[in-house]
Amino acid sequence: MALTAKRKLTLGAVVVLTIAVLFIVALPYVSLEYLESQRSNFSQIYERNPVTVVFLYIAVSALIIGAALPTMGIFSLLAGALFGFPTGLVASSIASTIGSTIVLLWSRYFFRDWLQDRFHKEFSAINRGIDEEGGYYVFSIRLMTVFPMFLINLVCGLTNIKMSSYVIATFLSQTIAVSVWVYAGATMADFKSGSDILSVKMIFVLAMLGVVPILCHRIFLALRGRRIGLKQKM
């Protein structure tokens, strides 16, 4: 039997409350301190079973990101520290894309019908823009770094964006975004003491965390503006 919009909303509220409780419980385990304390243990397990650990990392991080928990940064750091940059980037990009898609699916199922019925006029305007821009919109807003990734995933679920456009835009933008976090994790894995954190290399990595997404966003806007200009001339 199909659920009504109100029943979906109630069930969705229970899901959100459960996620909030899970986040409180998981908070000690998604911190830099915990990552640093367990890094040697994780590395030993990875050396013994590299393929299994990579797939396990993708599954676990995708599920946790799929619960809309703000954990992308710490999982990307972990990927870099464990796997190095190339493998860590691939694993982190796949995991964040799968997790983001999971968030979109349950956000869309539980909340979209009720909200679109209640705010039909507002969502009609939003969906018109989504129909025209689609993946370009998702790609752009993810690189702005103004809104948390989990919030973008939730909001996208309330729109009519096509799944294919969402997945492609998410993978491309997340690969750019997590690349700096993965590189930071790979760099941090080389540090031997607290004083190393103040090294020029680490300062450069921290600067990239803020600069790279903004720079890519500016380049994307310039290319998009050029594409629109060419269309108008035709």
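Residues numbered from 1 in each chain as written. Predicted model: local features only at pLDDT ≥ 70, side-chain atom pairs only at ≥ 80, totals over all residues. Heavy atoms only, no water.

*Asks:* Quick question: what am I supposed to make of the overall build of the protein here?
*Replies:* Of regular secondary structure, the protein possesses 10 helices and zero strands. Going from the N terminus to the C terminus, the protein shows its helices and strands as α-α-α-α-α-α-α-α-α-α. Relative to all contacts within the protein whose residues are 6 or more apart in sequence, the contacts with residues 24 or more apart total 82%. (Helix = DSSP H or I, 4+ residues; strand = E, 2+ residues; numbered from the N terminus. Contact = heavy atoms within 4.5 Å.)

*Asks:* How should the environment of Leu-158 be read in this particular structure?
*Replies:* Structurally, Leu-158 is set in the loop between helix H8 (149-157) and helix H9 (163-188). In this structure the C-alpha to C-alpha distance between Leu-158 and Arg-112, which are 46 residues apart in sequence, comes to 4.6 Å. Once residues lying within four places of it in the same chain are set aside, the contact partners of Leu-158 are Ser-107, Phe-111, Arg-112, Leu-115, Gln-116 and Phe-123.

*Asks:* Which parts of the structure should I look at to understand the packing of helix H7 (residues 135-143) against H8?
*Replies:* If you want to describe how two helices pack, look at the angle between their axes and the distance between the axes. Where H7 contacts H8, the two axes come as close as 10 Å, and the packing angle between them is 155°. Between H7 and H8, the angle falls in the class roughly antiparallel. As H7 packs across H8, the resulting crossing turns out to be right-handed. Taking contact as the criterion, the partners of Val-138, Ile-141 and Arg-142 in H7 are, on H8, Met-149, Ile-152, Asn-153 and Cys-156. (Axes fitted to C-alpha atoms, helices over the stretch in contact; angles between N-to-C directions. Parallel < 35°, antiparallel > 145°, perpendicular 65-115°, else oblique. Left-handed = near helix turned anticlockwise from the far one by under 90°.)

*Asks:* Explain the nonpolar core here, please?
*Replies:* Nonpolar side chains in soluble globular proteins generally cluster together in the buried interior. In this structure, Val-54, Tyr-57, Ile-58, Leu-77, Leu-78, Phe-83 and Ala-91 are the most contacted members of the largest nonpolar core, which totals 17 residues. When residues of this core are traced back to their parent elements, those giving at least two are helix H2 (32-48), helix H3 (50-66), helix H4 (72-83), helix H5 (85-118) and H9. It is H4 that contributes the most residues to this core, seven residues altogether. Among residues more than four places away in sequence, those in contact with Val-54 are Tyr-46, Phe-83, Thr-87 and Ala-91. (Core = buried A, V, L, I, M, F, W, Y, C linked by side-chain atoms within 4.5 Å. Buried < 20%, exposed > 50% of the residue type's maximum accessible area, 1.4 Å probe, protein only.)

*Asks:* Teacher, can you tell me more about the side chain of Ser-96 here?
*Replies:* Note that Ser-96 resides in helix H5. Accessibility expressed as a relative area gives 1% for Ser-96, which makes it buried. Apart from residues no more than four positions distant in its own chain, Ser-96 is found in contact with Ile-65, Met-72, Gln-174 and Val-178.

*Asks:* Help me understand H9 in this model?
*Replies:* Residue pairs three or four apart in sequence face the same way in an α-helix, which turns once every 3.6 residues. Along its 26 residues, H9 runs 36 Å from first to last C-alpha, staying within 8% of the 38 Å computed at 1.5 Å per residue. Maximum bend of H9: about 30°, positioned at Val-178. (Expected span 1.5 Å × (residues − 1). Bend = angle between axes of the 7 residues up to and from the residue.)

*Asks:* Just to check I follow, could you spell out H4 for this structure?
*Replies:* Compared with the 16 Å implied by 1.5 Å per residue over 12 residues, the 16 Å span of H4 between its first and last C-alpha is a close match. The buried fraction of H4 is high, at 12 of 12 residues. Looking at the residues trailing H4, positive phi occurs at Gly-84, about 85°.

*Asks:* For this particular structure, what's the right way to read the environment of Val-15?
*Replies:* In this fold, Val-15 is placed in helix H1 (residues 5-26). Expressed as a C-alpha distance, the spacing of Val-15 and Trp-106, which sit 91 residues apart in the sequence, is 9.3 Å. In contact with Val-15, other than residues within four places in its own chain, are Trp-106 and Phe-110.

*Asks:* What is the right way to read the packing of aromatic side chains from this model?
*Replies:* Here a ring pair, both rings aromatic, is described through the centre-centre distance and the interplanar angle of the planes. Per the counting criterion, the structure on display carries seven aromatic pairs. Pairing Tyr-57 with Phe-75 gives two aromatic rings, centres 6.2 Å apart and planes at 65°, and the pair type is edge-to-face. In this pair, Tyr-57 sits in helix H3 while Phe-75 sits in helix H4, placing the two residues 18 residues apart along the sequence. The pair formed by Tyr-57 and Phe-75 is uniform in burial state, with each residue classed as buried. Consider the rings of Phe-110 and Phe-111, whose centres lie 6.3 Å apart with planes at 65°: the pair is edge-to-face. Take Phe-110: its relative accessible area is 11%, and that puts it in the buried class. (Phe/Tyr/Trp six-rings, centres within 6.5 Å; stacked < 30°, edge-to-face > 60°.)

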